[in-house]
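# Report on the structure
Below are the chains, spelled out letter by letter.
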Amino acid sequence: MTDIRTLGEFIVEKQNDFPHASGELSSLLGSIKLAAKIVNREINKAGLADITGSVGKENVQGEEQQKLDLYANDKFKAALEARDQVCGIASEEEDQAVSFNRQVNRDAKYVVLMDPLDGSSNIDVNVSVGTIFSIYRRISPVGSPATDADFLQPGHLQVAAGYVIYGSSTMLVYTTGNGVHGFTYDPSLGVFCLSHENMQIPEDGHIYSINEGNYIRFPLGIKKYLKYCQECVPQDNRPYTSRYIGSLVADFHRNLLKGGIYLYPSTATYPNGKLRLLYECNPMALLIEQAGGRATDGQQRILDLIPTELHQRVPFLVGSTNMVNKVEAFLHEGDE
Ligand code: P6P
C-alpha cells in the first residue's frame, strides 16, 4: 500500500512541471478524475440498468445518441462547471460550445473540449469505450463569456490532454506536456493508481488498425500501404497483423503500449475522414507526440492544423513514427 502513487498525488507532485505552474490545472484534472469515476460506475452496470441503448435521437454528427453518451456528457459538464477553473466546454454531444454562466466560471482561465463517450455504439456489445479530453487556456478576456475562438485553437496550444478507457480495467492516461502517464482505477480504494509512468510508443510496430470495409474508396496511398503490410516480410520476420476494435481509445491504447498505427482516412461515407479534429484527433495527437510517436492527416501534422469549425472532421493517421512515415511516403507517391 505504501508504494501506491495516486493520480491526485501525482498531479500535485508534477504541478511545478506545468508552464505557469498553477493549482487551477491540477484542480481541473481533479474534476475530470471525479467524473471518470462516476461514468465508470454506470458503464460497469450498463448491462443491468436501463441506461444502454439509444435515446431515439441524433447528435449534431447525425449519429444516434446512446443513453450513456448523454449521461457521460452531463456528468463531465457538471463536474467541470462545479470547479472554478473552466469558463466553457465543447462536446461531441453539444451542437454549440457551452459558456458557463456563473461569474466564477467566467473568471476562469481554461476551456475543455471532449468526446464524453467515444465508441459508445460498442457499449451494448460490451466492448471497451472511452472519454477523450483536451484542455486549452482561453484567449478571450477573463471575466467575459467563453467565445468560439477559445475552442478553435490549433492542437499545439493544448495545455493538457488525455483519455479514460473503460475496458477490462479502467485507466486514465494524460499529458500536460511533460510525458504521458497512465493510472489504473482500483474500485476497492476508489482511486486511480500510477501504473504506467512515462509511456513511450515503440518506434515501429506490426499492428495496423483500420476499417477495411471502406477499402474501395481509400486513397491509393492507403491501399498501397495495406498491400505492403499484407505482402512484406519485415526484417524480424514478424508479419503485420490487423487489429481493429472500432473504438478509437481502445485501438490507440493498445498501439501505444505495443506499437502500431491507427488509420481513418477519407472514405465514401466520410470524404474528410470520420474523426473530429478538436476533441478526438488533437488530444490523441498531443499524447502520441509526447509518447514519441506521430499524428498526421496524411499531409500535415495534426497539431498544426488551424480549426475552422467545432465539429470538423479530418483524416487521421496516428501511431509509431516509422509506420506513420511509411504511410505518408505511399500517400506522397500520389498516383504513380
Ligand atoms: P467505423 C467511434 O464512433 C469512432 O469515432 C472511433 O472510436 C472508431 O475508431 C471509429 O469511429 C469507428 O468507425 O466507421 O469503422 O465504424
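All of these numbers come straight from a predicted model, not from anything done at the bench.

It is worth spelling out the overall build of the chain at this point. When its secondary structure is counted, the chain shows nine helices and 15 strands. For 336 residues, the compact-globule formula gives about 20 Å, and the C-alpha radius of gyration of the chain, at 19 Å, lands near that figure. In terms of its C-alpha atoms, the chain occupies a principal-axis envelope of roughly 60 × 45 × 45 Å. Out of the 336 residues in the chain, the part that is buried amounts to 55%. Excluding contacts between residues fewer than 6 apart, the proportion of contacts in the chain whose partners are at least 24 apart in sequence is 65%. Accessible surface for the chain amounts to roughly 14,000 Å². Of this, 48% is attributable to carbon and sulfur atoms. Counting 30 positive and 41 negative side-chain charges, the chain places the centres of these two groups 2 Å from one another.

Pairing analysis gives two bridges linking strand β1 (residues 54–58) to strand β2 (residues 64–66), with the strands arranged antiparallel. Within β2, the residue paired with S54 across the bridge is Q66. Counting the residues in the hairpin turn of β1 and β2 gives five residues, including G62, whose phi is positive at 80 degrees.

What follows concerns the environment of G167. For G167, the location among the structural elements is in the loop between β7 (160–166) and β8 (170–175). The exposure class of G167 is partly exposed, given its relative accessible area of 27%. Spatially, the C-alpha atoms of G167 and A250 are 7.8 Å apart, while their sequence positions differ by 83 residues.

On the basis of which strands lie adjacent, the open sheet formed by five strands has the order β12-β11-β13-β15-β14 and mixed pairing. Of all strands in the sheet, those with a lone pairing partner are β12 (241–242) and β14 (294–296), marking the two edges. In this structure, strand β13 (residues 261–264) lies alongside strand β15 (residues 316–319), joined through four bridges in antiparallel fashion. Across the sheet, residue Y264 finds its bridge partner in β15, namely F316. This element, helix α7 (residues 248–258), spans β11 (207–209), β13 and β15 of the sheet and lies at about 165 degrees to β11. Strand contacts of helix α8 (residues 277–290): β14 and β15, with the helix running at about 25 degrees to β15, the strand carrying the most contacts.

A word on the domain arrangement of the chain. Taken domain by domain, the chain consists of domain 1 (7–198) and domain 2 (207–333). Summarising the inter-unit geometry, the C-alpha centres of domain 1 and domain 2 are found 23 Å apart. On the side of domain 2, 34 residues touch domain 1, which itself brings 46 residues to the contact. Among the residues domain 1 hides against domain 2, the three largest losses belong to I132, L152 and Y163. Together they make up 21% of the total. In this structure, E92 and R276 form a salt bridge, with 2.5 Å as the shortest nitrogen-oxygen distance. When residues of the side of domain 1 that touches domain 2 are traced back to their parent elements, those giving at least two are β3 (86–91), β5 (110–118), β6 (129–137), β7 and β8. Along the lines of polarity and charge, the residues of the side of domain 1 that touches domain 2 split into 22 nonpolar, 18 polar and six charged.

Cross-referencing UniProt, the feature "domain: Fructose-1-6-bisphosphatase class 1 C-terminal" (unreviewed entry) maps to residues 201–331 in the present numbering. Structurally, residues 201–331 is divided into 37% helix and 12% strand, and its ends, taken at the C-alpha atoms, are 23 Å apart.

Around the ligand sit D118, G119, N211, Y244, G246, S247, L248, Y262, Y264, K274, L275 and E280, and those are all the residues in its vicinity. Here D118 contributes a side-chain N or O atom positioned 2.6 Å from an oxygen atom of the ligand. Within the contact set of the ligand, an oxygen atom lies 2.6 Å away from a side-chain nitrogen or oxygen of Y244. Protein contact buries 82% of the 400 Å² of open area that the ligand shows by itself. Partitioning the shell around the ligand into residue classes produces five nonpolar, four polar and three charged.

Here the largest pocket is characterised by a volume of approximately 450 Å³. Residue lining of the largest pocket: 27 residues in total, with E63, G119, S121, G246 and K274 positioned closest to the centre. Sorting the residues of the lining of the largest pocket by element identifies β2, β5, α7 and β13 as the ones contributing at least two each. Here the lining of the largest pocket gets three residues from one element, more than from any other, and that element is β5. Across the lining of the largest pocket, the residue classes tally to seven nonpolar, nine polar and 11 charged. Two domains each put at least three residues into the lining of the largest pocket: domain 1 (7–198) and domain 2 (207–333).

So, on to helix α6 (residues 220–231). Here α6 is 12 residues long and its end C-alpha atoms lie 16 Å apart, about the 16 Å a rise of 1.5 Å per residue gives. In this fold, the buried residues of α6 make contact with β11, β13, β15 and α9 (321–333).

Rules used in this analysis
Residues numbered from 1 in each chain as written. Predicted model: local features only at pLDDT ≥ 70, side-chain atom pairs only at ≥ 80, totals over all residues. Heavy atoms only, no water. Helix = DSSP H or I, 4+ residues; strand = E, 2+ residues; numbered from the N terminus. Rg over C-alpha atoms; globule rule 2.2 N^0.38 Å. Buried < 20%, exposed > 50% of the residue type's maximum accessible area, 1.4 Å probe, protein only. Contact = heavy atoms within 4.5 Å. Areas by Shrake-Rupley, 256 points an atom, 1.4 Å probe, with all protein chains shown as cover. Lys, Arg positive; Asp, Glu negative; His and termini not counted. Charge placed at Lys NZ, Arg CZ, Asp CG, Glu CD. Pairing = 2+ DSSP bridges. Axes fitted to C-alpha atoms, helices over the stretch in contact; angles between N-to-C directions. Domains from an automatic or database assignment. Buried area = accessible area lost by both parts, 1.4 Å probe. Salt bridge = Lys/Arg side-chain N within 4 Å of Asp/Glu carboxyl O. Nonpolar A, V, L, I, M, F, W, Y, C, P; charged D, E, K, R; others polar. UniProt positions renumbered as here; feature names shortened; annotations may be inferred. Near = heavy atom within 4 Å. Polar contact = N/O pair within 3.5 Å; in protein donor to acceptor, adjacent residues only side chain to side chain. 1 Å grid on protein atoms, 1.4 Å probe; cavity = no way out; pocket = protein on both sides within 12 Å on 5 of 7 lines; lining within 4 Å. Points joined across faces, edges and corners; volume = space filled by probe spheres on them. Expected span 1.5 Å × (residues − 1).

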